[in-house]
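Remarks on the overall topology
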Amino acid sequence: MTTTDAPKAAPPPRGKRRIGDAVFAGLARGSGLLILAILAGVAAFLVIQAWPSLLANTSNFLTDQSWDANTREDPSFGVAALAFGTVLAASIALLLATPVAIGIALFIVYYAPRKLAATLGYLVDLLAAIPSVVYGLWGMMVLAPQLVPVYEGMTHYLGWIPLFAGPSSTSGRTLLTAGIVLAVMILPIITAMSRDVFHQVPQGHREAALAMGATRWEMIRLAVLPFGKSGIVGGAMLGLGRALGETMAVAMILSPALAISFNLLQSGNQTIAAHIALQYPEATGYGVSALIAAGLVLFAITLAVNMGARYVVARGNKESA
Amino acid sequence: MSTTTAQPPVPGPESGTKPDLRAGTLPRHFPLGLLVGCGVVVAGVLAAFSSFGLITWALLTAVAYSVIIVTASNRVEGGRKAKDRMVTAIVYGCFLLAMAPLVSLLYTVAGYGLDRFSPYFLTVSMNGVLPSMDAGGVYHAIVGTLAITGMATLLSVPIGVLTAVYLVEYAQGRIKKVITFFVDVMTGIPSIVAGLFVVALWMMLFGPGHTNGAAGALSLTVLMIPVVVRSSEEMLRLVSRDLREASYALGVPKWRTITKVVLPTSAAGLTTGIMLAIARVIGETAPLVLTAGSSAVSINWNLFDGQMMNLPVFIYSQFRMGGAVNYERAWAAALTLVLIVMLLFILARVIGRLFSPKTR
């Protein structure tokens, strides 16, 4: 992460141990440990509550594509279709958002007028402040209808690619629409991480490039991008983690369905998070327990992605240090 | 980056033919003039075909501008400069592209939301109002949002700030690494999983089907703690070491140094971080649908008794009902929520700027 040099934990003043010191240190330590306890609790309670349904499940939880869990007898459900939809939607978002985010970060750090740069940065941050339920409302009622003619055009001209095969959805409530909205939502995260790392590029590197007669783009290509690579990758993966777990926007945009489909312009796919939100109010029997199991899978996927992101960033920091 | 300085690109043959350094640059105000020109011409052409749309216009102007400036630059200034101009156009385009959804979103929320946004809407609940009636408001949801978010803040701020203090002032070695790592892990918990956690916990404690405001607050706390820890940590690290040492030199014990010197110095930064954290969780919908219930219609100040409506869930449930009046309510509630979030966001920045510590 991008922290300034930590003041080394100062040596405690010598002398008699004071009661206040002991109490305060204990409180601080206790909070730290409490966080560990909460996290352990999250994992433990999810596993405990998911267990009964997993035992009762008559089909393979990881490979089955259907969801028939709202019963007390022989529930049959699997997370395969949901996991597929989750990864597909998040990948679309990542592919769309990353190049734009790098462009925005470059704009704010190197192109925008100095005095305006901070304000323009806040504007991008505002995208992160808007609640996901409002994104869902907007995506469903404003964006989706506008995309319908675009999708028709895409099936007409690009229909030979399986991803865009027709006929396209007449409501625009497809995985691609969800992916676009997710892309907008993760844009500020990737931008913020890229901006941080672009700010850290040593001035010497940049000035050296410029002094040799490089244009601004050549300076960026030779000095900024190689230096910022790990930060960009890390930011993109953090964005991916956010997109994987995003619930409301997807739940409101996608029409309910459950299938594995590579077609981005028809309805059919669903994501884990959205499925949980949509199914929970109607869950009976083993339903809630099965949804908790699905939540565990989502937790595991995002955990893996986030840890990967931290690892990439940490390694990059070590290299550049 | 290797340790050697970046290699300058070898000058292409085209620059070898131009001995005069100042030869071949486009006039300084050429790009601006061209942009305005393109805008006017495209607007004219579109108007002639009577198909003027703001998005089409912006898109075509951007394309026309990029093509012309790259061609012109390639002619006058050579390939390298042309490439530079192209990248400049793309980078500006990226920023404008990101602003398009923001503007569209705020514009529609304000446009649709104002239809029903009124003092009446803000001060009555949905108690006794049928979903399709042309009445009712959002007061009970505002109450719920304030209560749930307030309790989440009360729970997560002490834990978060104290953990940050522990990480910056006390922890060393392995335990510090472990806590930092798990705070990072916690940052990545999807909000719906935080909701499921509380559902699981409540099922064990109270049996199935119990929803109340406290459950919602707890799920928001799980999401809020890591944000508070992260931002507080950054702020505490900004407090200079000299201040701490000056305090120690006067014989002040460590805990008094932290409470009387370190925390007050970083108070503004801490407040900013906390407000941004509140702004983040106040719009969370998914965990609250699971934990606080989505069918309450009356005003409920009691976090521990019964379902509790709140603004995000109100928007979602009105949206699910799907009637014209319901959509109007959803948009008006969205406007209310966006206004609250924006207010928090701006206030946080202002506080951060006005009261930031003057020690450097």
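The shown structure was predicted, so the numbers you read here are calculated from the model rather than taken from an experiment. (Residues numbered from 1 in each chain as written. Chains lettered and ligands numbered in written order. Predicted model: local features only at pLDDT ≥ 70, side-chain atom pairs only at ≥ 80, totals over all residues. Heavy atoms only, no water.)

1. Regarding the overall build of chain A
Tallying secondary structure elements over chain A gives ten helices and two strands in all. Counted from the first residue to the last, chain A has its helices and strands arranged as α-β-β-α-α-α-α-α-α-α-α-α. Expressed as a percentage of the 321 residues in chain A, the buried residues total 57%. Counting contacts in chain A only where the partners sit at least 6 residues apart, residues at least 24 apart contribute 74% of the total. Put simply, chain A shows about 13600 Å² of open surface, and 63% of that area lies on carbon and sulfur atoms. Considering chain A, the positive charge centre built from 19 side chains and the negative charge centre built from 14 side chains are found 18 Å apart. (Helix = DSSP H or I, 4+ residues; strand = E, 2+ residues; numbered from the N terminus. Buried < 20%, exposed > 50% of the residue type's maximum accessible area, 1.4 Å probe, protein only. Contact = heavy atoms within 4.5 Å. Areas by Shrake-Rupley, 256 points an atom, 1.4 Å probe, with all protein chains shown as cover. Lys, Arg positive; Asp, Glu negative; His and termini not counted. Charge placed at Lys NZ, Arg CZ, Asp CG, Glu CD.)

2. What about the overall build of chain B?
Looking only at helices and strands, one finds 15 helices and zero strands in chain B. In terms of overall dimensions, chain B is more spread out than a globule: its C-alpha atoms have a radius of gyration of 28 Å, far above the 21 Å expected for 360 residues. Expressed as lengths along the three principal axes of its C-alpha atoms, the size of chain B is roughly 85 × 70 × 35 Å. Every one of the 360 residues in chain B was classed for burial, and the buried ones make up 51%. Partitioning the contacts of chain B with sequence separation of at least 6, the portion at a separation of at least 24 is 72%. (Rg over C-alpha atoms; globule rule 2.2 N^0.38 Å.)

3. Concerning the interface of chain A and chain B
Contact with chain A, which involves 95 residues of that partner, is made by 100 residues of chain B. Taken together, both faces of the contact between chain A and chain B bury some 8900 Å²; the carbon and sulfur share is 78%. Here chain A and chain B share three salt bridges between them. Put simply, chain A and chain B have eight residue pairs in polar contact (both at pLDDT 80 or more) between them. With 21 residues, the top contributor of residues to the side of chain A that touches chain B is helix α1 (residues 19-56) of chain A. Taken together, the residues that form the side of chain A that touches chain B break down as 67 nonpolar, 19 polar and nine charged. (Buried area = accessible area lost by both parts, 1.4 Å probe. Salt bridge = Lys/Arg side-chain N within 4 Å of Asp/Glu carboxyl O. Polar contact = N/O pair within 3.5 Å; in protein donor to acceptor, adjacent residues only side chain to side chain. Nonpolar A, V, L, I, M, F, W, Y, C, P; charged D, E, K, R; others polar.)

4. Structural notes on the domain arrangement of chain B
Residue and element names in this part refer to chain B. When its domains are assigned, chain B resolves into domain 1 (24-113) and domain 2 (139-354). Each of domain 1 and domain 2 has a C-alpha centre, and the two are 41 Å apart. Counting residues at the interface gives six residues for domain 1, matched by six residues for domain 2. Summed over both partners, the interface of domain 1 with domain 2 comes to about 520 Å²; 87% of that surface belongs to carbon and sulfur atoms. On the domain 1 side of the interface with domain 2, the three residues burying the most area are V109, Y112 and G113, jointly 73% of the side's total. (Domains from an automatic or database assignment.)

5. Some points on the pattern of salt bridges
Enumeration according to the criterion identifies twelve salt bridges over all chains in this entry. The shortest N-O distance in the salt bridge between R349(B) and D125(A) comes to 3.5 Å. In this pair, R349(B) sits in helix α15 (residues 324-354) while D125(A) sits in helix α3 (residues 114-129), so the two residues belong to two different chains. Owing to a relative accessible area of 24%, R349(B) belongs among the partly exposed residues under this scheme.

6. Some remarks on unusual backbone geometry
Leave glycine aside and you will find that most residues have negative phi; peptide bonds, for their part, are mostly trans. Residues and elements named next belong to chain A. A positive phi is found at D74, a non-glycine position, where the angle reads about 45°. As for its placement among the helices and strands, D74 is situated in the loop between β1 (67-68) and β2 (76-77). You can call D74 exposed: its relative accessible area is 59%.

7. As for the confidence of the model for chain B
Residue and element names in this part refer to chain B. When pLDDT is averaged along chain B, the result is 86, and 92% of the positions lie at 70 or above. Predicted confidence in chain B is weakest over helix α1 (residues 13-16), with a mean pLDDT of 48, and strongest over helix α6 (residues 139-170), with 94. Low confidence marks residues 1-6, where pLDDT is under 50. Its contacts with residues over four positions away, or in another chain, come to seven contacts. When the criterion is pLDDT under 50, residues 10-16 qualifies, and its contacts beyond four places in sequence or with other chains add up to three contacts. (pLDDT = per-residue confidence, 0-100.)

8. Comments concerning a nonpolar patch on the surface
A contiguous nonpolar patch, built from I346(B), V350(B), L354(B) and F355(B) and spanning about 410 Å² of accessible area, is present on the exposed surface. Taking relative accessible area as the criterion, L354(B) reaches 55% and is therefore assigned exposed. (Patch = residues over 30% accessible without salt bridge, like charges linked within 9 Å, V, L, I, M, F, W, Y side chains within 5 Å.)

9. Quick look at the packing of helix α4 (residues 132-158) of chain A against helix α5 (residues 175-199) of chain A
All names here are of chain A. Put simply, α4 and α5 touch, their axes get as near as 8 Å, and they point 130° apart. Comparing their axes, α5 and α4 come out oblique. The chirality of how α4 crosses α5 is right-handed. Between α4, through S132, Y135, W138, G139, L143, A144, L147, Y151 and M154, and α5, the contact on the second element is made entirely by L176, T177, I180, V181, V184 and M185. Tallied by class, residues from the contact of α4 with α5 come to twelve nonpolar, three polar and no charged. (Axes fitted to C-alpha atoms, helices over the stretch in contact; angles between N-to-C directions. Parallel < 35°, antiparallel > 145°, perpendicular 65-115°, else oblique. Left-handed = near helix turned anticlockwise from the far one by under 90°.)

10. As for the packing of aromatic side chains
Residues and elements named next belong to chain B. Scanning the entire structure with this criterion turns up twelve aromatic pairs over all chains. Relative to Y327, the ring of F319 has its centre 6.0 Å away and its plane inclined at 55°; by these criteria the two rings are tilted. Among the residues examined, F319 registers a relative accessible area of 6% and is labelled buried. Above the ring of Y170, the side-chain terminus of K254 is found at 4.6 Å from the ring centroid. The residue whose ring lies beneath R256 is W255, and the NZ or CZ to ring-centre distance is 5.7 Å. (Phe/Tyr/Trp six-rings, centres within 6.5 Å; stacked < 30°, edge-to-face > 60°. Lys NZ or Arg CZ within 6 Å of the ring centre and 35° of its normal.)

11. Brief notes about helix α12 (residues 267-282) of chain B
Residue and element names in this part refer to chain B. Between the first and last C-alpha of α12 there are 22 Å, a value that for 16 residues agrees with the 22 Å anticipated at 1.5 Å per step. Burial within α12 is extensive, with twelve of its 16 residues counted as buried. Among the residues of α12, A268, G269, L270, T272, G273, I274, M275, A277, I278, A279, V281 and I282 are the ones counted as buried. Buried residues belonging to α12 abut α6, α9 (213-238), α11 (254-265), α14 (311-321) and α15. (Expected span 1.5 Å × (residues − 1).)

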